[in-house]
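# Descriptive structure summary
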2 protein chains.
Amino acid sequence: MANLKDVAALAGISITTVSRVLNNRGYISKETRKKVYDAMKKLNYSPNEVARSLFRQHTNMIGVIVPSISNPFYGKLAEAIETHAAAKGFKVMLCNSFHETEKEIEYIKMLEGNKVDGVIIGSRSTNLVEYMGTGLPFVTIDRILSDSIPCVSSDNYQGGVLATQFLIEKGCKNLAFIGGSRKLNMMANKRNEAFMTICKDAGVKCMSLETGEEELSAMDYVACIERLFRENPKVDGVFASSDLIAAQTIQTAVKSGRKVPQDIRVIGYDDIIVARMTTPSITTIRQPINEMGRYAVDIILDEAKGEIVPKTTVLPVRLIVREST
Amino acid sequence: MANLKDVAALAGISITTVSRVLNNRGYISKETRKKVYDAMKKLNYSPNEVARSLFRQHTNMIGVIVPSISNPFYGKLAEAIETHAAAKGFKVMLCNSFHETEKEIEYIKMLEGNKVDGVIIGSRSTNLVEYMGTGLPFVTIDRILSDSIPCVSSDNYQGGVLATQFLIEKGCKNLAFIGGSRKLNMMANKRNEAFMTICKDAGVKCMSLETGEEELSAMDYVACIERLFRENPKVDGVFASSDLIAAQTIQTAVKSGRKVPQDIRVIGYDDIIVARMTTPSITTIRQPINEMGRYAVDIILDEAKGEIVPKTTVLPVRLIVREST
DNA sequence: AAATATATAGTAAACGGTTGACATATAAAA
DNA sequence: TTTTATATGTCAACCGTTTACTATATATTT
């Protein structure tokens, strides 16, 4: 691979001048500029970004840690992050933690060593804070890790309100909420809070089901849902905390002879592609995943520049009505 | 951030010795080793991988270019690649090209500049070859780009055979295939070939529908499928070239009053999460995506080491029977 | 004619780490 | 006692690029 020296030699000028045209600094004549570009083209030269990074003390690279990119929610999030980062000239290093704290710690160390300019964490582990050294900027998605780490989320409480009210409006009298573990300090817990509050206010019978880590990792909630139906056969509306749960709720309901939405209404959360693809398609609360990714990138970049950034950024959600309600 | 010099100073030894314990070279006493580790811990030191990469002339990083990581197939693929790469000490840079040749070229240049050790391309553009400079190793997924670039795929022909035979066994007399553009030089075209051949051999009526770029990008095939049903109302079996198409085929069939699988049987391809989540769940051909990712990584790493690698690697597929047939 | 702007070159240090050559000192083995 | 293995140190070169500094040589204004 050609380097600056080769380009300078071919163009018949000094290394310094070549570097100047590359970085648009100082005075350069048109002819010199042309000579340089010609030599670069001839040698198929592209600057060694590793060397640049070393000198400049930043890499224009951000790390993204998610539990699993094959989970459609994180897939969309990562796509939004990468797209927006690329538009700003930043690269993305992808890390799948599979909910394992150890891996997350390892990834953080790795990213630190690779001198990324910041890390976006869409992950669930606690106790990560102590491993987040001094200088590196972090942003979390949907999760408060510590007071000093900014968080981007959507309005989970409002999402809970919207979903619950809609189910009640549709005439449900016996609601169930299915969500993830409440022990994790996730903003998503607010969906459940809103659900309980709205149900209580409306005098509607309600219950909530908490699933575990295994279900989350395997993306398989069927056993939980079957139990829910067995123990509460009169449930006529389910607010699922993800579209994946909603899809499986529909499967389980249909299998037990219930019709969706006639016998039981189901509403999901996230509005990932699965919600559009099922039969019946899933009414859901759309999180503005693109915008969440965009804000996460903007914030991490501002942080890296030493600017003051908001501690929390809450984006609005929207009810998307489809066939399952 | 602490560097080698700081660690050496704190440990009271020379920079060279610290570098020696870091790289396990030469003779080091236990006490010195301990002093170094203590100092490293105290300073929260981690070696600057950028500097290392510059010296070593490789980055332990690979680039992955996919059309869209939010497409569940590529999400799974990227996850498999990242997981396997991480296990081997390699990092992954993620690139979403959205099927735009320009972006792919830009990404390739970027990855070249960042001195990645290799690039895995799960993308569809032609004419990329001229931009793939001299030294950088490439591997494609499911696509022959040129004679000299290794390709990893699953056995698309066999997948087509399995799917078509299964539909015929189930009693279908009037089959349709829905797939992507055949102009692209994808291995996936072989599914269609197999479909036509098997149908002809069995004397079963068949047709095949080719969707375009827009449908692929938007992941929305409903209009195509509606037309198919309108123009061929007697179709009683559909072989869809992806689970996304299969899911939408089921939606469209149900909407038009057909029952799945009683009136029309649908078989998908890939076995992504969507196939498990729909009602009815989708019978499909499972591509061994994990293994495809693993082989892609192994091959790119071997290539980077200058070893001889197979030109094509074809992994077996499997029929997964669910409810849609 | 003097002052200023423009255009280019060379040298050297820096970024942080690795490595080879060479020196030195102690401890164990021949 | 000599040899050898072990343990550390110093020094310098190197990876490819940036940049500050200094030096010159034109060209253009005052």
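Please read these numbers as outputs of a predicted model, since none were measured by experiment.

## Overview of the overall build of chain A
Secondary structure assignment for chain A yields 13 helices and twelve strands. At 25 Å, chain A has a C-alpha radius of gyration far larger than the 20 Å of a compact globule built from 325 residues. Considered along the principal axes of its C-alpha atoms, chain A spans approximately 85 × 40 × 30 Å. Relative to its 325 residues, chain A shows a buried fraction of 57%. The long-range fraction of contacts in chain A, counting pairs at least 24 apart against all pairs at least 6 apart in sequence, stands at 70%. Taking the 41 positively charged and 37 negatively charged side chains of chain A as two groups, their mean positions are separated by 6 Å.

## Quick look at the pairing of strand E11 (residues 312-315) of chain B
All names here are of chain B. Here E11 shows one buried face, formed by Thr313 and Leu315, and one open face, formed by Thr312 and Val314. One ladder, built from four bridges, connects strand E5 (residues 151-154) with E11; its direction is parallel. Bridged to cysteine 151 within E11 is threonine 312.

## Some words on the side chain of serine 53 of chain A
By the element assignment, serine 53 of chain A lies in helix H4 (residues 49-56). A distance of 2.8 Å separates a polar side-chain atom of serine 53 of chain A from the backbone oxygen of glutamate 49 of chain A. Excluding residues within four positions of it along the chain, serine 53 of chain A makes contact with His58 and Thr59 of chain A together with Val50 of chain B.

## Looking at the state of the cysteines
Among covalent bonds in proteins, the disulfide is the one between the sulfur atoms of two cysteines. In total, this model carries zero disulfides over all chains according to the counting rule given. Summary of cysteine pairing: cysteine 206 of chain A is not part of a disulfide, and the nearest cysteine sulfur, belonging to cysteine 199 of chain A, is at 4.1 Å. No disulfide involves cysteine 95 of chain B; its sulfur sits 14 Å from that of cysteine 95 of chain A, the nearest cysteine.

## With respect to the domain arrangement of chain A
Here chain A is partitioned into domain 1 (4-56), domain 2 (61-154 + 289-317) and domain 3 (156-287). Centre-to-centre, using C-alpha coordinates, domain 1 of chain A lies 35 Å away from domain 2 of chain A.

## What about the sheet that holds strand E9 (residues 265-270) of chain B?
All names here are of chain B. Here six strands make up an open sheet; going across it, the order is E7-E6-E8-E9-E10-E12 and the pairing mixed. Since the sheet does not close on itself, it has two edges, and those belong to strand E7 (205-210) and strand E12 (318-320), each with one partner. For this sheet, the mean inter-axis angle between neighbouring strands, taken without regard to orientation, is 20 degrees. In the sheet, strand E8 (residues 237-240) pairs with E9 via three bridges, with the strands oriented parallel. Among the inter-strand pairings, glycine 237 is bridged to a residue of E9, identified as arginine 265. Helix-sheet contacts for helix H11 (residues 243-255) involve strand E6 (174-179), E8, E9 and strand E10 (283-286), and the interaxial angle to E9 is about 160 degrees.

## Structural notes on the sheet that holds strand E7 (residues 205-210) of chain A
All names here are of chain A. Ordered by their spatial adjacency, six strands build an open sheet running E7-E6-E8-E9-E10-E12, and the pairing between neighbours is mixed. Strands with a single pairing partner mark the edges of an open sheet, and in this sheet they are E7 and strand E12 (318-320). The mean angle between the axes of side-by-side strands here comes to 20 degrees, regardless of whether they run parallel or antiparallel. Relative to E7, strand E6 (residues 174-179) runs parallel, the two being bridged by six bridges. Bridge pairing in E7 links alanine 176 to methionine 207. Together, E6, strand E8 (237-240), strand E9 (265-270), strand E10 (283-286) and E12 form the strand contacts of helix H7 (residues 156-169), whose direction differs from that of E9 by roughly 165 degrees.

## Details of the environment of threonine 83 of chain B
Residue and element names in this part refer to chain B. The topology assignment puts threonine 83 in helix H5 (residues 72-87). Through-space distance from the C-alpha of threonine 83 to that of asparagine 290 is 9.3 Å; in sequence the pair is 207 residues apart. In this structure the side chain of threonine 83 is engaged in a polar contact, spanning 2.7 Å, whose partner is the backbone oxygen of glutamate 79.

## A closer look at the protein's contact with DNA strand C
In the vicinity of DNA strand C, 24 residues are found, and the nearest of them are Thr17, Ser29 and Thr32 of chain A together with Leu4 and Arg52 of chain B. Protein-adjacent atoms of DNA strand C, using a 4 Å cutoff, are sugar or phosphate at a proportion of 69%. Taking asparagine 23 of chain B, its side chain carries an N or O atom lying 3.3 Å from a phosphate oxygen of DNA strand C. Taken together, the residues that form the surface near DNA strand C break down as ten nonpolar, eleven polar and three charged.

## Some remarks on the protein's contact with DNA strand D
Near DNA strand D lie 25 residues; those nearest to it are Leu4 and Tyr45 of chain A together with Thr17, Ser29 and Thr32 of chain B. Sugar and phosphate atoms represent 70% of those atoms of DNA strand D found within 4 Å of the protein. Measuring from a phosphate oxygen of DNA strand D, one finds a side-chain N or O atom of tyrosine 45 of chain A at 2.5 Å. Contact distances for DNA strand D include 2.6 Å between a phosphate oxygen and a side-chain N or O atom of arginine 52 of chain A. Contributions of two or more residues to the surface near DNA strand D are made by helix H2 (15-23) and H4 of chain A together with helix H2 (15-23) and helix H4 (49-56) of chain B. A class-by-class count of the residues in the surface near DNA strand D yields ten nonpolar, eleven polar and four charged.

## Here we look at the relation of the copies chain B and chain A
Expressed as a screw operation, the relation of chain B to chain A combines 0.1 Å of axial shift with a rotation of 180 degrees, fitting to an RMSD of 0.2 Å. The superposition of one copy onto the other is thereby described by a two-fold rotation axis. A share of 100% of the interface residues of chain B reappears at the interface of chain A, consistent with the copies meeting face to face through the same patch.

## Details of the nonpolar core
Ranked by size, the top nonpolar core spans 108 residues in total, and within it Ile62 of chain A together with Ile62 of chain B carry the most contacts. Non-local contacts of isoleucine 62 of chain B, meaning those with residues more than four positions away in its chain, are made with Ile81, Ala85, Phe90, Lys91, Val92, Met93, Val116, Gly118, Ile120, Val297, Ile300 and Leu301 of chain B.

## Some words on unusual backbone geometry
Residue valine 260 of chain A is joined to proline 261 of chain A through a cis peptide bond whose omega torsion reads 10 degrees. Residue placement: proline 261 of chain A occurs in the loop between helix H11 (243-255) and E9. Of note, the bond from threonine 279 of chain B into proline 280 of chain B is cis; its omega dihedral lies within 30 degrees of zero at -5 degrees. Within the secondary structure layout, proline 280 of chain B lies in the loop between helix H12 (273-277) and E10. Even without being a glycine, asparagine 60 of chain A presents a positive backbone phi close to 55 degrees. Within the fold, asparagine 60 of chain A resides in the loop between H4 and strand E1 (61-66). Even without being glycine, phenylalanine 98 of chain A reaches a positive phi, approximately 50 degrees. Along the chain, phenylalanine 98 of chain A turns up in the loop between strand E2 (91-96) and helix H6 (101-113).

How each quantity is defined
Residues numbered from 1 in each chain as written. Chains lettered and ligands numbered in written order. Predicted model: local features only at pLDDT ≥ 70, side-chain atom pairs only at ≥ 80, totals over all residues. Heavy atoms only, no water. Helix = DSSP H or I, 4+ residues; strand = E, 2+ residues; numbered from the N terminus. Rg over C-alpha atoms; globule rule 2.2 N^0.38 Å. Buried < 20%, exposed > 50% of the residue type's maximum accessible area, 1.4 Å probe, protein only. Contact = heavy atoms within 4.5 Å. Lys, Arg positive; Asp, Glu negative; His and termini not counted. Charge placed at Lys NZ, Arg CZ, Asp CG, Glu CD. Pairing = 2+ DSSP bridges. Polar contact = N/O pair within 3.5 Å; in protein donor to acceptor, adjacent residues only side chain to side chain. Disulfide = S-S within 2.5 Å. Domains from an automatic or database assignment. Axes fitted to C-alpha atoms, helices over the stretch in contact; angles between N-to-C directions. Near = heavy atom within 4 Å. Nonpolar A, V, L, I, M, F, W, Y, C, P; charged D, E, K, R; others polar. Least-squares fit on C-alpha atoms with pLDDT ≥ 70 in both. Core = buried A, V, L, I, M, F, W, Y, C linked by side-chain atoms within 4.5 Å.

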